[in-house]
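Here is how the chains run, residue by residue.
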Amino acid sequence: MSEISPVLEIKGLVKCFPGVVALDDVDFHVDPNEILGLVGENGAGKSTLMKVLIGLYKPDSGSYLINGKSVTMEGPLQAVERGIGMVFQEGCLIPNMTVAENLFLCHEAKFKRNGFINTGLLHSEAEKLLGELSVDVNPGAYVRDISPACKQMVEIARLLWLSRDSGIKNPVLILDEPTTVLLDDEIQVLFSVLKSVKQNASIIFISHRLEEILQLSDRIVVFKDGKFSAEFTGDNATIEKIEENMVGHEMAEEHYRESEQKEPADDVILEVREMSMEGYFDPISFFLHRGEILSFVGALGSGKEEVCRCIAGIQKPDKGHILINGREIRLGSTKAAIKDGVGYIPIDRRQEGLALQLDVASNINFLILKKMIKGFLISPVTEKESAEKWISNCQVKTPGIKTHCSKLSGGNQQKVVIAKWLAANVKVLILDHPTRGIDVGTKDEIYHRIRELAEEGMAVILMSDRIEEDIGLCNRMIMMKDGKITKEMNCPPDNKPTPLNVIEYIV
Amino acid sequence: MADVKISDIKKVGGIRRLVSDLPTIYISLFILLVLVVVLYIGNHSFLSKYNLKVLADGTTILLCVGLGQVFVILTGGIDLSVGGVMSLVAVVFLSTVEHIGFAAFPLALAVGAVAGLINGIVYTKLRIPSFICTLGTNGIFVSITYLITAAPISAPGKVHHYLDIVNGKIGGFNNGWLLAVALFAIFFVIQRYTYLGKKIVAIGSNELMTKLSGIDVNSSKMLAFMLSGIGSAVAAVILSSYLYSAYPTIGEVYILESIAVVVVGGTALTGGSGGIVNTLVGAVIMSILKNGMTVIGIDVYAQQTFLGVLIILAVAASFDRKKLSFIK
Amino acid sequence: GQQEAEKPVTMCTAIKFLDNPYHIDWIAGGEGFAESIGMKDMIVNQASQGSSEKQLNDIKALIAKTGGNVICNIDPNQAPDVVPLAKALEDAGVYFVTWWNKPDDIKVWDYDHWVCHVTFDGVSAGKFIANSLFDTFETPGKGKIVALEGQLANSAFIERWEGLQQALAENPGVELVAYEPAEWDRTKAFDKLSSMLVAHPDIDGVWAANDNMALGAIEALRAAGLAGKVKVCGVDGTEEMIRAIVAGEACATAAPDAKWQGGIGLSMAYAAKNGELDVASIPKEKRQWYATMVNIDSSNAQEWVETVIEATPEYDWNDHFGRFLKTIK
Amino acid sequence: MEKIIKTTGNQNPFGYRIKKLRSSNYFGPVTALVFVALLFTIGTKGAFLSIDNIQVILNLASVATIMAIGSTIVILLGCIDLSAEGVLAFTAILCGYLLKNTRNAYDLGIAALPLVMVIGAGLGLINGIITTKLRIPSFIATLGMMYTAMGISIIMSGGATIPVRDSELQTFVNGRIAGIPTLFLISVAVVIVINIVLKSTRFGKSVYAVGGDEVLARQAGINVDRTKIIVLAISGALYGMAAFFMVTRLQAANPQISKGMLFPSITAVVVGGSSMSGGIGNATNAIIGALIVTGLNNGMVLMQINPFIQGAVNGVVLIAAVAATMDRKKIGNIK
Ligand SMILES: Nc1ncnc2c1ncn2[C@@H]1O[C@H](COP(=O)(O)OP(=O)(O)OP(=O)(O)O)[C@@H](O)[C@H]1O
Ligand SMILES: Nc1ncnc2c1ncn2[C@@H]1O[C@H](COP(=O)(O)OP(=O)(O)OP(=O)(O)O)[C@@H](O)[C@H]1O
Ligand SMILES: [Mg+2]
Ligand SMILES: [Mg+2]
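Residues numbered from 1 in each chain as written. Chains lettered and ligands numbered in written order. Predicted model: local features only at pLDDT ≥ 70, side-chain atom pairs only at ≥ 80, totals over all residues. Heavy atoms only, no water.

Trainee: Explain the coordination of the magnesium ion (ligand 3) here, please?
Mentor: Ideal geometry at a metal centre: 109.5 degrees between donors when four sit tetrahedrally, and 90 or 180 degrees when six sit octahedrally. All names here are of chain A. Within the protein, the atoms that donate to the magnesium ion (ligand 3) are Ser47 (OG) and Gln89 (OE1), at distances of 1.9 to 2.1 Å. Of this pair, Ser47 sits in helix 1 (residues 46-53) while Gln89 sits in the loop between strand 6 (84-87) and helix 3 (99-103), and the two are 42 residues apart along the sequence. Ser47 gets classed as buried once you look at its relative accessible area, which sits at 17%. (Donors = N, O, S within 2.8 Å, 3.2 Å for Na, K, Ca; no water. Helix = DSSP H or I, 4+ residues; strand = E, 2+ residues; numbered from the N terminus. Buried < 20%, exposed > 50% of the residue type's maximum accessible area, 1.4 Å probe, protein only.)

Listed below in structure tokens is the structure:
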């Protein structure tokens, strides 16, 4: 292998943050025309390494070589000039600008007419580019108005354009967890694009979905605790081997703790009656039992998101009733929903789930502060105890309970959101892509917690990004298509349907 | 699978860790200390008993009005009506103390609280930017003040004993200072240890998240404005007792000053970070700068220029940039 | 503290704004006095910038700095501010003089260190300039005017306004068609009068509560092509205004003579401090009094330019009560 | 391949056009302007909309517009510029000394304009360098500059007024072209130039990017610091320009010339429809805002509202106008 000289090489890299060693003496290289899969637990240092590669973080020590020549990377713009571009885990589209403006941000010079940037040129190029990725979005639409999945595709389009435009022979494209909000179809589009791009570029692909990594990668690198842990070639890797190197021990045979699945109680906890919302879903009705895990499955635009957001009070249905324990709740009010015991873990943790500027403890305790009031005041001791308990329950990797959430790795931020809602001890919990960006080890732990809470009587509505996860976790699933329920299916632990059974009802 | 303990995570050792973990407040206090030493060297009477009293007087009003303002700023808003509220409260206070005596004190507080609440209601119900809302209500409050009195009110000698409740002393401490300290203590507890305080900070950090967590964001914002009104009211009562007078423009200068005190103390104008203690530091820094310039004898023509440069230097030295990923 | 007490006395001039020509003349007058006794180094000037609290705290800070070895000549930020100022200065044993308005029930002789409180008759000033303005009309005493108000609720303004009202009452032929506050400010006066002229293009005169606003008004009139045709009047006797009177664009102003104020106040306090003036033996009627204000119109403007503005006027700083007009009741 | 991510949208052309109009950034502010105009036209029995008065409003709004554009571009970044009054006073004093005046022999005439704009830009540049390189909030950096520049202008002028005697320039700025005040035409020209810069240059795009999300803008490769410094310099230059016109119009330069102009300027920005948190707005919003604020003041004068309650009337109309017309969808969090 050593005959081919790497396009990019890092040696002896160390990167510390206040209180944390994020990367500890890391050697890393990328070969030409390869797709390099990068995996590791949350907080292993993957994103940090990538940010060092594009010059966003300055390493504390270590050398950086591009095509064998030592370089210092000043910042992202310089990285792009050298042919290194990145799709960030947290997303990096600017909400108050249009899709086209975002696509070519910093590269507008190429779209000048008479010395001024021409919006028409921007838009036609954007349309072409988005068409290639089969994304149907108006280039003039503001990013704040488009869906998370759409944003993700726009970011990939941006990177694609950069990789061609830079004029560098073998650009390096970094994709940090690009698939967490995409559906299978979209992922397949993305993969076929990446495979064709590979002909004249190298790609670093980060994901916690090991199947994807296996499907796509030519080489797989595993990180653990800020250190290189193992390397596999595309052919000799298996999920089990990777997991072992990531987690440090072998994972259980079953993926979704099916053996802990219990029969739900008979009493109905949530009832939705003839609820409808013009343009999103037709009148639908369903029940949810105490201790039941119910999956909603459907493609984007099937209306499942809106149904759940209506139950959580974030959106207001046009008609219909929602009953908790037989009592009707006020529609369109998150306050009322939460008061009546309905919780919602949002898909977008940065905007809807977390206060990034606040510390871990404040975020985790936010929903249960009221219970901590003694007299008039909230006891700091209780706060600390509760935070520590949930940090440990959800395996949040953080230097301390007072660390700001913005300083946590993406997966750990997600764990904080989950911890916050699990702590709230609601009657009905709606999970919108709950395990987005969470590593396999912790996923298992979180499945365990969900099962435990279900056993104690909490009912769960689940919308996952993976049909397998939906099937594996739930007691029952409801399939939706074009705003209608197409099928309801039971999923007992011993007789789970296959994804194929399910897909026929949703497309 | 074993629980992850906080201590499992590797930490950087040594000095680097110490400095990086040092709370900003110590840095601010250090800056204060340096300031005090420099001024003392400039003129020993800076630390004379008399001047310490002057300093405390100067800090008192800035602190009270800043303590109110900071709650609004923590939510991410801004309260430009503190000037109008102060004028209104001062005028109401002085024009009623003659007739109702001691009851004028709770009345003043109530006027401030109601004025603040009105701000909060207009702001949340009409859903307009707090900048416009409070600029508008400021005009309204000042107009009301003009309708109460078209001329400055000078407290007649027979009510001086009421005003001297504020100007009086307990054990060598001016009651005005004690009032400010009490307000500080109460507001500190509200910010740190009450549900309301936590909600206010959360709103400033991420309002959407707060809303989705089932919090009635509007009621908390209203209460934040009410606290601001109370802060302004306390400041106005102390100020008018201190000056034995009230007039419709008495509060005007405190609009910008209250915001400056909050920001100099290190609270971010974008909300969610900083708070009560920062405001105390900000008030002390500002009043030391103002007093110090006179005490070491800087020419009046150069004072403004100096103040400008000193504010920048003080903040540059003490501002906590670590927690913020960007600075607006 | 201790060493300070043996040093020569510090002389403080406390004014409102540094960017106001009237107050700048105060500083010049104070320095003029200090120079006359060879103590220019001991001058300290302070500006309240519109904050009563700042003025009080600054003066207290100066007391701290000098250990009380200081005298003050003060233009209080607001009339009632004399109360806390007097308390603080009396406690510190500092001799001081105050100007313009004060609350009626506060008596200077209740304080041993309050040398004098001197004011001017704002009512007669407001009335004098109004009458001068009415005389410039095509048919004197018959016409329409607009007025620019100062800071509302300011005592000086209230008095001048009262003077205007009296003049209007005595001249039924003159109609006040509109008035607007411009807060002593030139830019605001320009903006306000520009708008007022739309509704009242046919006015015969502009009454302004001070010269600064009057000067803004002249430029607004110029923009409307009326400068020189429609006259303005003001109070303060600033150089620009007097030159505008000479140029025929303004008609009258009343000069309290800020340089004299700045100098004589310090002179009285200084005399009290070194024992030349025994405060206790000043008769009560001369502890709080009205001083004469110089009324300036086209008849004496040129002379004022020659004797006061272009030549340095000679003041007799020892003649403390030379401009005594009447006592404040 | 089938398109898999769909955008939902109303395709009805008429409805769509109305929606587009309503979602335009000018819809709210223009409605507010119309609202204010209507109110005062009724209140003054038509005098408000007379040709004479419109000319006065346009003339008075010109300087306000130039200032508001300066404030707008800084607010677009999500920053704030409190130095306006100080920079204005400083450059005004310079104008006083450079134009024909009674203090010295200079008589630069219109050549003083570029000069004071450069000086203003210099002060803005310092603002920018302080806030970016010392990493302190723009509020503090510009507050410091406000005091400093004001202090220096007081020292330079000795607090006194510098009488200016350039009647030619005064006639020019008071003049009209085809019935429209010259100064207003100049301010419209500034609006156009600034809008082109904002919309059609790389720099302009980076301003919006920084205002939208500073962290992401940096990640995308934008030089955030440089963008901020340039913006603050431009705003300083615009304050210099405003000072020049104020001084030529008033024929006098004094540090207090700018007193009380900061809040009205920011008010104009906000009522004009720009977002205080950055990223939304442009120079057109600034001119609309300046017209609203000026119209409001002018209307109150014409209606002869009692001076004691002018503050209240101003407040109520401001709140009502914004409450009735603000587009709350665009500005997610109303702070
Ligand atoms: N800006 C920062 N400041 C302080 N600490 C940080 C910062 N960014 C990351 N860290 C810390 O560095 C470590 C590595 O984080 P990194 O984001 O690289 O993890 P990751 O491998 O990408 O994890 P994930 O799978 O959750 O995205 C974590 O412990 C995190 O807390
Ligand atoms: N400890 C406290 N100190 C001060 N104010 C408080 C405290 N706890 C609650 N409040 C405030 O008092 C009001 C009533 O409290 P309560 O928590 O019952 O309200 P709520 O209707 O549940 O609203 P919320 O959604 O804000 O919790 C609320 O507006 C709340 O912000
Ligand atoms: Mg990551
Ligand atoms: Mg509650």
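The discussion continues.
Trainee: How do you make sense of the interface of chain D and chain C when you look at a structure like this?
Mentor: Often the size quoted for an interface is simply the accessible area lost on bringing the parts together. Taken together, the 32 residues of chain D in the interface contact 33 residues of chain C. Counting each side, the surface lost to burial between chain D and chain C is near 2,600 Å², with a carbon and sulfur contribution of 57%. Run the count over chain D and chain C and you get one salt bridge. Here D:Lys259 and C:Asp19 are joined by a salt bridge, their closest N and O atoms 3.9 Å apart. The tally of links between chain D and chain C comes to 11 residue pairs in polar contact (both at pLDDT 80 or more). When residues of the side of chain D that touches chain C are traced back to their parent elements, those giving at least two are helix 3 (51-76), helix 7 (167-174), helix 11 (224-250), helix 13 (283-302) and helix 14 (307-325) of chain D. Its residues assigned to classes, the side of chain D that touches chain C shows 16 nonpolar, 13 polar and three charged. (Contact = heavy atoms within 4.5 Å. Buried area = accessible area lost by both parts, 1.4 Å probe. Salt bridge = Lys/Arg side-chain N within 4 Å of Asp/Glu carboxyl O. Polar contact = N/O pair within 3.5 Å; in protein donor to acceptor, adjacent residues only side chain to side chain. Nonpolar A, V, L, I, M, F, W, Y, C, P; charged D, E, K, R; others polar.)

Trainee: Looking at this structure, I do not really get helix 6 (residues 130-148) of chain B. What am I missing?
Mentor: One full turn of an α-helix is made of 3.6 residues, so residues set three or four places apart face in the same direction. Given a rise of 1.5 Å per residue, 19 residues ought to cover 27 Å, and the 26 Å separating the end C-alpha atoms of helix 6 of chain B matches this to within 8%. The buried count for helix 6 of chain B comes to 15 of 19 residues, which makes it a mostly enclosed element. (Expected span 1.5 Å × (residues − 1).)

Trainee: Honestly, the site of ligand 1 in this entry has me stumped. Any pointers?
Mentor: Residues and elements named next belong to chain A. Not every one of the 21 residues close to ligand 1 is listed here, only the nearest: Ser47, Thr48, Gln89, Ser409 and Gly411. Interatomic distance of 2.6 Å between a side-chain N/O atom of Ser47 and an oxygen atom of ligand 1. With respect to ligand 1, the side chain of Ser409 contributes an N or O atom lying 2.7 Å from an oxygen atom. Notes on ligand 1: free accessible area 630 Å², of which the protein chains cover 93%. Those elements that provide at least two residues to the shell around ligand 1 are strand 2 (20-30), helix 1 and helix 14 (410-424). Residues that form the shell around ligand 1 fall into these classes: six nonpolar, 11 polar and four charged. (Near = heavy atom within 4 Å. Areas by Shrake-Rupley, 256 points an atom, 1.4 Å probe, with all protein chains shown as cover.)

Trainee: Would you mind showing me how to read the pairing of strand 7 (residues 174-181) of chain C here?
Mentor: Regular strands place side chains that alternate from one sheet face to the opposite one. All names here are of chain C. Examined bridge by bridge, strand 6 (residues 143-149) and strand 7 share seven bridges and lie parallel to one another. Its bridge partner lying in strand 7, Val146 is registered against Ala178. Crossover strand 6 to strand 7 through helix 6 (residues 155-170) is right-handed. (Pairing = 2+ DSSP bridges. Right-handed = clockwise from strand over helix to strand, strands pointing away.)

Trainee: Even after reading the chapter, I still don't get the arrangement of the chains, so can you show me in this structure?
Mentor: Of all five pairs of chains sharing an interface, the pair with the highest contact count is chains B and D. There is a clear gap between chain A and chain C: no contact, and 36 Å between their nearest C-alpha atoms.

Trainee: Looking at this model, I keep getting lost on the sheet that holds strand 8 (residues 205-208) of chain C. Mind explaining?
Mentor: Two modes of strand pairing occur in sheets, parallel and antiparallel, and in both the strands are linked by backbone hydrogen bonds. Residues and elements named next belong to chain C. Spatial strand order, 7-6-8-9-10-12: six strands in an open sheet with mixed pairing. Two strands bound the open sheet, and with one partner strand each, they are strand 7 and strand 12 (294-297). On average, each strand axis in the sheet is tilted by 15° relative to the strand beside it, whichever way the strands run. Across three bridges, strand 8 lies against strand 9 (residues 231-233) in parallel orientation. Bridge pairing in strand 9 links Trp207 to Cys233. Where helix 8 (residues 211-223) meets the sheet, its contacts fall on strand 6, strand 8, strand 9 and strand 10 (250-255), and the angle it forms with strand 9 comes to roughly 165°. (Axes fitted to C-alpha atoms, helices over the stretch in contact; angles between N-to-C directions.)

Purely geometric stuff here, so don't read any function into it on its own.
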